[in-house]
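Now for the letters of each chain:
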There are 2 protein chains.
Amino acid sequence: MAGVVERKAIRVPGFRAAGVRCGVKARGLDLALLVSERPASAAGVFTRSTVVGAPVELSRTRVQRGGARAIVANSGCSNVAMGARGRRDARATTAAVAAALGVAQQEVLVASTGVIGEPLPMTRIRAGVRKASSALAPSGLERAARAIMTTDTFPKLASARFEVAGRTLTLAGIAKGSGMIEPDMATMLSFLLTDAEVSPGFLRASLRAASDQSFNRVSIDGEGSTSDMVLLLANGAAGNRRMTGPSSPGAREFRGALEAVTAELARDLARDGEGATKLVDVRVRGARSRAQAERAARRIANSLLVKTALFGADPNWGRILQTLGAGRIDLRLARSRVRLCGVTVFRDGAATGPAARRRAAARLRGAEVEIEVELAAGAGEAQLWTCDLSYDYVRINAEYTT
Amino acid sequence: MAGVVERKAIRVPGFRAAGVRCGVKARGLDLALLVSERPASAAGVFTRSTVVGAPVELSRTRVQRGGARAIVANSGCSNVAMGARGRRDARATTAAVAAALGVAQQEVLVASTGVIGEPLPMTRIRAGVRKASSALAPSGLERAARAIMTTDTFPKLASARFEVAGRTLTLAGIAKGSGMIEPDMATMLSFLLTDAEVSPGFLRASLRAASDQSFNRVSIDGEGSTSDMVLLLANGAAGNRRMTGPSSPGAREFRGALEAVTAELARDLARDGEGATKLVDVRVRGARSRAQAERAARRIANSLLVKTALFGADPNWGRILQTLGAGRIDLRLARSRVRLCGVTVFRDGAATGPAARRRAAARLRGAEVEIEVELAAGAGEAQLWTCDLSYDYVRINAEYTT
């Protein structure tokens, strides 16, 4: 059933994966390999930064072919700002994978995450690719999830099953989050696999739509990375009739599974934001437009004052109104409303009183909290996931100097 | 001489001031009164927030008359989000001042800074106004500066003398900064006094221009307040011929003094940002346009990753490029350049090496640091002052819950 998401690793028919250690990072697994046994449709969504790494350039070009066989990803070094050498190293990494697997170099996608401005240690990467090729297994997804972790505190996996014409299909994904890498970069990577047979065009449209409702709804600190990348491979091992558009048999179920898995991974990214103690769900209603609602939600999610108040479990609606005002968000104060974890703390232009405040404060101590704001200026709505800002964010980003 | 700024309090002929305690804050001076002995030209610059307090509404209207006699300001309570009651209390505060001084209510401007959503304690405010009226003195500016402080760690004063047709004129100002108030609001207030004779129109134009190059160049945490206000009174006690435009005798000297004093106060605001350990001067050159330069400088100044790196004295040029990229700033990476405290750490698309990095790291330990970025995309330039982000910012804003 689409929407029923399992966190544990799961096998996706026709795919094998591995996570190995090759020595880019100081410790731990640091090279992931995901391989389809047959040619798969492929789609990607990439960072919109004006500064991107060589892996983004290469994978963005290759995925336009609409097909791929393998994804290789390393953590510990982002291969960004390395000029011609960076481009050469990204290509060489995919060449090593192609040689090990006996596929064309064009069929290999690559991602890197880590320190900016340092060269990929190619001898180690090549050895890692050989090691990963030998370790490939249908159950290898969990180790692959570990191999792309940086300051993430837990590996992120999610999967869902869905039915198409009596067959049970699978969609599974891994992600790494908004942890800095040693500690340079808040890079978001996610790789998704399904045994569904889907045309490249429909795969691309589906991934774009799902990303907009999941990964693009996460904001940890208002930053974006040079290396963000989401890749989706669909290998058709399930043997369903090829889906080519939203009215194809099973398309609705496939999209439901994709949305459920990406939303679950996105929530995990916010939950595991650097130094985060809380997952925060921000909902804005009644904005003058959809764009204003989006801006309002981002103002709240990225406000240092709001994030530090949440860390302190302070039901500080004043800071929420202040950051909306500073962002020039249209609102009718006399009819606006602020609810924290379901408790209305501001209504009709005034605080609702100390009892509501105490109740909200108690609920804000939880690990998952909700901010709802009604602007009373129109019908625009938006939603974002974020996290609070703690001492640990400062520690991770100030003390772990490169 | 314009441009020669003294930090110590100074008398401005024809003005008296006082700072007293009336009990709005838990401790310390909390009510300031600044009075001109004669009608003065007046100009103001106000927050552009869509959520503003009653004092901003009232003073913004009154200053349009072009003249004023007094400024009253309290700390500890911002009188924001209080509806009709807030407007009544703001007017009542100015009525109390008018009665005590024997001037018209319309000639009194008012500012408040502090907690949002709580009523002004009017009995205390009225008593404070009476107390301040009796305490008015030519030397009272320093106590007035203390009375508007919130989490500021030092009072902010600056003054300059300038010559007009053989006479020595004075311009002095006080400011309070980007400290939260108990700890709700990062409000910026500044009040400026001069004995120059200046027409309201030229005063307004001069204040707007000076603010754009000073207060509007400070960014502590990307927030803006409901209560920000800069007021300038010019009482003509010096007896100079009235300045009415940039070509009036002394206009250049007056503007020079105004720019020097506001810039000094602005630097002090950044230096005293909450939890700040460093004053950071951000300079962007070579942007595609002036607007892009401005956006680039704000991206850098407000980046949590850059600010925490500065706290850690980490010469992390990668984070600077990353936040520019994420902000979609146009740049030619291969010709871009990053200098930290005068040391080039990134040039021609690559790091300049470990020796430069070490030298930059040593200089970043200082109390005043500089970030210079060349984008190689055009001729746009911008400059901002900001500060680093330390544990104390989180402590001030998370632990001191309201």
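Residues numbered from 1 in each chain as written. Chains lettered and ligands numbered in written order. Predicted model: local features only at pLDDT ≥ 70, side-chain atom pairs only at ≥ 80, totals over all residues.

Peer 1: Mind showing me how you'd approach the overall build of chain A here?
Peer 2: Of regular secondary structure, chain A possesses 11 helices and 15 strands. In terms of C-alpha radius of gyration, chain A reaches 22 Å, essentially the compact-globule figure of 21 Å for 402 residues. If you line up chain A on its principal axes, its C-alpha atoms span 70 × 55 × 35 Å. Looking at chain A as a whole, 65% of its 402 residues qualify as buried. In chain A, the share of contacts with a sequence separation of at least 24, taken over all contacts with a separation of at least 6, comes to 81%. (Helix = DSSP H or I, 4+ residues; strand = E, 2+ residues; numbered from the N terminus. Rg over C-alpha atoms; globule rule 2.2 N^0.38 Å. Buried ≥ 20, exposed ≤ 12 C-beta atoms within 10 Å, placed from the backbone. Contact = placed C-beta atoms within 7 Å.)

Peer 1: Explain the sheet that holds strand 13 (residues 350–351) of chain A here, please?
Peer 2: Working definition: the strands of a sheet are paired by backbone hydrogen bonds and lie parallel or antiparallel to each other. All names here are of chain A. Across the sheet, which stays open at both edges, the six strands sit in the order 13-12-11-14-10-15 with mixed pairing between neighbours. Each end of this open sheet is capped by a strand with a single partner; those strands are strand 13 and strand 15 (380–387). Bridge count for strand 11 (residues 337–340) against strand 12 (residues 343–347) is four bridges, and the pairing is antiparallel. Counterpart to V338 in the pairing with strand 12 is F346. (Pairing = 2+ DSSP bridges.)

Peer 1: How should I be thinking about the domain arrangement of chain A in this particular structure?
Peer 2: For interface size, the figure often reported is the accessible area lost on association. Here the domain parsing of chain A yields domain 1 (5–271) and domain 2 (279–399). Spacing between the C-alpha centres of domain 1 of chain A and domain 2 of chain A amounts to 33 Å. (Domains from an automatic or database assignment.)

Peer 1: Help me understand the interface of chain B and chain A in this model?
Peer 2: Counting from both sides, the interface comprises 50 residues of chain B and, opposite them, 50 residues of chain A. Among the elements that take part in the side of chain B that touches chain A, helix 9 (residues 317–326) of chain B stands out by supplying eight residues, more than any other. Residue composition of the side of chain B that touches chain A, by class: 21 nonpolar, 20 polar and nine charged. (Nonpolar A, V, L, I, M, F, W, Y, C, P; charged D, E, K, R; others polar.)

Peer 1: How do you make sense of the confidence of the model for chain A when you look at a structure like this?
Peer 2: Caution applies to low-pLDDT regions: their predicted coordinates should not be interpreted in detail. Residue and element names in this part refer to chain A. Here chain A averages 89 in pLDDT, and 93% of its residues register 70 or above. No element of chain A has a lower mean pLDDT than strand 1 (residues 5–6), at 65, and none a higher one than helix 3 (residues 122–135), at 98. Of the regions scoring below 50 in pLDDT, residues 180–185 engages in 37 contacts with residues more than four places distant in sequence or in other chains. Both scores are given for the predicted complex: the pTM is 0.78, the ipTM 0.72. (pLDDT = per-residue confidence, 0-100.)

Peer 1: Would you mind going over the sheet that holds strand 10 (residues 279–287) of chain B with me for this structure?
Peer 2: Residue and element names in this part refer to chain B. The sheet built from six strands is open, its strands ordered 13-12-11-14-10-15 with mixed pairing. A strand with exactly one partner marks an edge of an open sheet, and here the two such strands are strand 13 (350–351) and strand 15 (380–387). Relative to strand 15, strand 10 runs antiparallel, the two being bridged by seven bridges. Across the sheet, residue V284 finds its bridge partner in strand 15, namely A382. Together, strand 11 (337–340) and strand 12 (343–347) form the strand contacts of helix 10 (residues 354–363), whose direction differs from that of strand 12 by roughly 130 degrees. (Axes fitted to C-alpha atoms, helices over the stretch in contact; angles between N-to-C directions.)

Peer 1: So what exactly am I meant to see when it comes to the relation of the copies chain B and chain A here?
Peer 2: What connects the two chain copies is a rotation about an axis and a shift along it. Taken as rigid bodies, chain B and chain A are interconverted by a rotation of 180 degrees and an axial shift of 0.0 Å, the fit giving an RMSD of 0.1 Å. Both chain copies can therefore be described as sitting about a two-fold axis. Considering only C-alpha atoms, the residue of chain B closest to the rotation axis is Y391 of chain B, which sits at 2.9 Å. When the interface residues of chain B are mapped onto chain A, 100% of them are again interface residues, pointing to one common binding face. (Least-squares fit on C-alpha atoms with pLDDT ≥ 70 in both.)

Peer 1: How do you make sense of the nonpolar core when you look at a structure like this?
Peer 2: Side chains of a nonpolar character, in soluble globular proteins, are inclined to be buried together. Judged by nonpolar contacts, the single largest core of 280 residues is most densely connected at L33, L34 and A296 of chain A together with L33, L34 and A296 of chain B. Every residue in contact with A296 of chain B, bar those within four places of it in the chain, is listed here: V284, A287, L324, G327, I329, V373, L375 and A382 of chain B. (Core = buried A, V, L, I, M, F, W, Y, C linked by C-beta atoms within 7 Å.)

Peer 1: What exactly am I supposed to notice about the environment of V394 of chain B here?
Peer 2: Looking at the element boundaries, V394 of chain B is found in helix 11 (residues 391–399). Separated by 120 residues in sequence, V394 of chain B and E274 of chain B place their C-alpha atoms 9.0 Å apart. Not counting residues up to four positions away in its chain, the partners in contact with V394 of chain B are T308, F311, L389, S390, Y391 and V394 of chain A.

Peer 1: What should I look at first to understand the pairing of strand 2 (residues 15–20) of chain B in this one?
Peer 2: Where a strand is regular, its side chains alternate between the two sheet faces. By the criterion of burial, strand 2 of chain B is predominantly enclosed, with six of the six residues buried. Judged by which residues are buried, strand 2 of chain B turns out to be covered on both faces: F15, A17 and G19 of chain B on one side and R16, A18 and V20 of chain B on the other are all buried.

Peer 1: Would you mind going over helix 1 (residues 54–63) of chain A with me for this structure?
Peer 2: Each turn of an α-helix holds 3.6 residues, which means side chains three or four residues apart point in the same direction. Residues and elements named next belong to chain A. Burial analysis of helix 1 places seven of its 10 residues in the buried class, which makes it a mostly covered element. Of all the residues in helix 1, the buried ones are A54, P55, V56, L58, S59, R62 and V63. Of the surrounding elements, those touching the buried residues of helix 1 are strand 3 (31–46), strand 4 (67–77), helix 2 (83–101), strand 5 (108–115) and strand 9 (229–234).

Peer 1: What's the story with the pairing of strand 5 of chain A in this structure? I'm lost.
Peer 2: Residues and elements named next belong to chain A. When you tally the buried positions in strand 5, you get eight out of eight residues, the bulk of the element. Here eight bridges tie strand 4 to strand 5, and the two strands are oriented parallel to one another. Across the sheet, the residue bridging to V72 is V110, located in strand 5.

Peer 1: What should I look at first to understand the packing of helix 8 (residues 304–311) of chain B against helix 9 of chain B in this one?
Peer 2: To describe two helices that pack against each other, one gives the angle between their axes and the distance between the axes. All names here are of chain B. Here helix 8 crosses helix 9 at 165 degrees, and the two axes come no closer than 9 Å. Accordingly, the angle class assigned to the pair helix 8 and helix 9 is roughly antiparallel. The handedness of the crossing between helix 8 and helix 9 is left-handed. On the side of helix 8, the interface is formed by L305, V306 and A309, while helix 9 contributes R319, I320 and T323. By residue class, the composition of the contact of helix 8 with helix 9 is four nonpolar, one polar and one charged. (Parallel < 35°, antiparallel > 145°, perpendicular 65-115°, else oblique. Left-handed = near helix turned anticlockwise from the far one by under 90°.)

Peer 1: How do you make sense of the environment of T93 of chain B when you look at a structure like this?
Peer 2: Residue and element names in this part refer to chain B. Tracing the backbone shows T93 in helix 2 (residues 83–101). Of the residues examined, T93 has 28 C-beta atoms within 10 Å and is grouped as buried. C-alpha separation for the pair T93 and T170, spaced 77 residues apart in sequence, amounts to 29 Å.

Peer 1: Help me understand unusual backbone geometry in this model?
Peer 2: Leave glycine aside and you will find that most residues have negative phi; peptide bonds, for their part, are mostly trans. Residues and elements named next belong to chain A. Of note in the backbone geometry, A81 takes a positive phi value of approximately 60 degrees without being a glycine. Its place among the elements puts A81 in the loop between strand 4 and helix 2. Although it is not a glycine, A313 sits at a positive phi angle of roughly 50 degrees. You can see A313 is positioned in the loop between helix 8 (304–311) and helix 9 (317–326).

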